[in-house]
Amino acid sequence: MDLDVFVTAHRAEWDRLDALLQRQRRLTGAEADELVALYQRTATHLSLIQSSAPDPQLTGRLSQLVARARSAVTGTRRASWRDATRFFTHGFPAAVYKSRHWWVPTALLSTLVAALLGWWIGTTPEVQSSIAAPSELRELTRPGGQYETYYSSHPAASFAAQVWTNNAQAAALCLVLGVFLGLPVLWILFQNMLNLGVGIGLMSSAGRLDTFLGLVLPHGLLELTAVFVAAGTGLRLGWTVIDPGPRTRRTALAEEGRAAVGMAIGLALILFISGAIEGFVTPSGLPTWARITIGVIAELAFLAYVYVVGGRAARAGETGDVEEAERGATLPTAA
């Protein structure tokens, strides 16, 4: 593309669009139609320049012009309770459902890793001795020891808030750091599974695995599922960097990134629920079967939410991305 010739050919259209946007009075019907047409043409011009002959100064000018025109055409829009409701009934569950091919294998493999680590630690005294001294291990695993008192060591409300903050931070890191080819996500997952494996191994070696699972399962089912969803989404974002498919890498990352941000908001609520269970149900005086039942019900409710509500929304075309009117203008690309 000869940039000088291109600018000479289309400068009059850009100037006319700028003049229409600066009008103080209300536009006539013909002027409004002209504004829409010029906006579409300028958006196409911007895409062509970005892909064929990028010029920082010209790109910046046209980007501002397109943004102003888009605002004038679509009008200002404020988020409402309707948007929040639609997000939780359509966008978020659909995004989780569509990423199931990433987070379900992640959950299965991670659980297997935690189980293998727990078996290895529980059956290898040398590994146990490398973790802590025998007296410290007895203090951890004995009845009324640190593994049990951990869940009742603080007031329930403050403990639930602390747990929610820590888990939300881990999920957010998985989502944000996924763009680095997913490698930091694998490390975060391993650290979580290692901590779980250590608990399984030490408590099983003390013959108290049932007690440990009775403390972990009520909140852990939903909590770990949320972490697995975040990790799977982060890994998918990392794979997008490697293979964006028929989309340009920039467009693919923008779409997946917006969906990941929405995922973070939805998972924060899920982790808030699991944190409440960990703060109020896990240390409660309820029988073990009752506490585990509450955790199983919460997990099944989330899975039904994803596969029923999210599956229906995904089949209807929902992707979890923002609405089309709120996305930047893009030029279609050939596969």
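All of these numbers come straight from a predicted model, not from anything done at the bench.

1. A look at the packing of helix α10 (residues 183–205) against helix α11 (residues 209–242)
Here is step 1 of the chain: Two elements in contact, α10 and α11, have axes separated by 11 Å at closest approach and are oriented at 170°. Relative to α11, α10 is oriented roughly antiparallel. Every residue of α11 that contacts α10 at V185, L186, L189, M193, L196, G199, I200, M203 and S204 is listed here: L209, T211, F212, V216, L224, V227, F228, A231, G234 and L235.
Here is step 2 of the chain: Partitioning the contact of α10 with α11 into residue classes produces 15 nonpolar, four polar and no charged.

2. Some thoughts on the nonpolar core
Here is step 1 of the chain: Grouped together as the largest cluster of nonpolar side chains are 37 residues, with contacts concentrated most on V96, M263 and L267.
Here is step 2 of the chain: Of all elements in the fold, only α4 (81–98), α5 (100–122), α9 (156–177), α10, α11, α12 (249–281) and α13 (288–315) reach the threshold of two or more residues within this core.
Here is step 3 of the chain: The greatest single-element share of this core, amounting to nine residues, is contributed by α11.
Here is step 4 of the chain: Within the second largest apolar cluster, 17 residues are counted, among which are F6, L35, L65 and A69.

3. Considering α11
Here is step 1 of the chain: Compared with an ideal rise of 1.5 Å per residue, which puts 34 residues at 50 Å, α11 spans 42 Å between its outermost C-alpha atoms and falls more than 12% short.
Here is step 2 of the chain: Of all the bends in α11, the largest measures some 55° and sits at G220.
Here is step 3 of the chain: Within α11, 25 of the 34 residues are buried, leaving the element largely enclosed by the surrounding structure.

4. Observations regarding the packing of α11 against α13
Here is step 1 of the chain: The interhelical angle for the contact between α11 and α13, taken along N-to-C directions, is 10°, at an axis separation of 7 Å. Taken together, the axes of α11 and α13 are roughly parallel relative to one another. Contact with α11, carried on its side by G214, L215, L217, P218, L221, L222 and T225, involves T288, R291, I292, G295, V296, A298, E299 and F302 of α13 and no other residues of that element.
Here is step 2 of the chain: For the contact of α11 with α13, the class distribution of residues is nine nonpolar, four polar and two charged.

5. So, the pattern of salt bridges
Here is step 1 of the chain: The tally for this structure, following the rule as stated, stands at seven salt bridges.
Here is step 2 of the chain: Here E34 and R16 are joined by a salt bridge, their closest N and O atoms 2.9 Å apart. A residue pair is termed long-range when its members are at least 10 positions apart, and E34 in helix α2 (residues 29–52) and R16 in helix α1 (residues 3–21) qualify at 18 residues.
Here is step 3 of the chain: Accessibility expressed as a relative area gives 29% for E34, which makes it partly exposed.

6. Re the UniProt feature "transmembrane region" (unreviewed entry) in the chain
Here is step 1 of the chain: As recorded in UniProt, the feature "transmembrane region" (unreviewed entry) lies at residues 102–121, 168–189, 259–277 and 289–308.
Here is step 2 of the chain: Split by type, residues 102–121 is 100% helix and 0% strand. Its first and last C-alpha atoms lie 29 Å apart.
Here is step 3 of the chain: Secondary structure content for residues 168–189 is 77% helix and 0% strand, and the end C-alpha separation is 14 Å.

7. Focus: the environment of I277
Here is step 1 of the chain: Considering the arrangement of structural elements, one finds I277 in helix α12.
Here is step 2 of the chain: Apart from the residues lying within four places of it in its own chain, the contact partners of I277 are P218, H219, T282 and A298.

8. Some points on the packing of aromatic side chains
Here is step 1 of the chain: The tally for this structure, following the rule as stated, stands at eight aromatic pairs.
Here is step 2 of the chain: Ring geometry for F87 against F88: centres 4.9 Å apart, planes inclined by 75°, an arrangement best described as edge-to-face.
Here is step 3 of the chain: Taken together, the aromatic side chains of F87, F88, F92, F302 and Y305 make up a single cluster linked through ring pairs.
Here is step 4 of the chain: Geometry around Y97 places R100 over its ring, the cationic atom sitting 3.9 Å from the centre.

9. Focus: the side chain of S274
Here is step 1 of the chain: Positionally, S274 belongs in helix α12.
Here is step 2 of the chain: For S274, a relative accessible area of 0% gives the class buried.
Here is step 3 of the chain: A polar atom in the side chain of S274 sits 3.0 Å from the backbone oxygen of L271.
Here is step 4 of the chain: Among all residues touching S274, those that are not within four sequence positions of it are H219, L222 and E223.

Cut-off values and rules
Residues numbered from 1 in each chain as written. Predicted model: local features only at pLDDT ≥ 70, side-chain atom pairs only at ≥ 80, totals over all residues. Heavy atoms only, no water. Axes fitted to C-alpha atoms, helices over the stretch in contact; angles between N-to-C directions. Helix = DSSP H or I, 4+ residues; strand = E, 2+ residues; numbered from the N terminus. Parallel < 35°, antiparallel > 145°, perpendicular 65-115°, else oblique. Contact = heavy atoms within 4.5 Å. Nonpolar A, V, L, I, M, F, W, Y, C, P; charged D, E, K, R; others polar. Core = buried A, V, L, I, M, F, W, Y, C linked by side-chain atoms within 4.5 Å. Buried < 20%, exposed > 50% of the residue type's maximum accessible area, 1.4 Å probe, protein only. Expected span 1.5 Å × (residues − 1). Bend = angle between axes of the 7 residues up to and from the residue. Salt bridge = Lys/Arg side-chain N within 4 Å of Asp/Glu carboxyl O. UniProt positions renumbered as here; feature names shortened; annotations may be inferred. Phe/Tyr/Trp six-rings, centres within 6.5 Å; stacked < 30°, edge-to-face > 60°. Lys NZ or Arg CZ within 6 Å of the ring centre and 35° of its normal. Polar contact = N/O pair within 3.5 Å; in protein donor to acceptor, adjacent residues only side chain to side chain.

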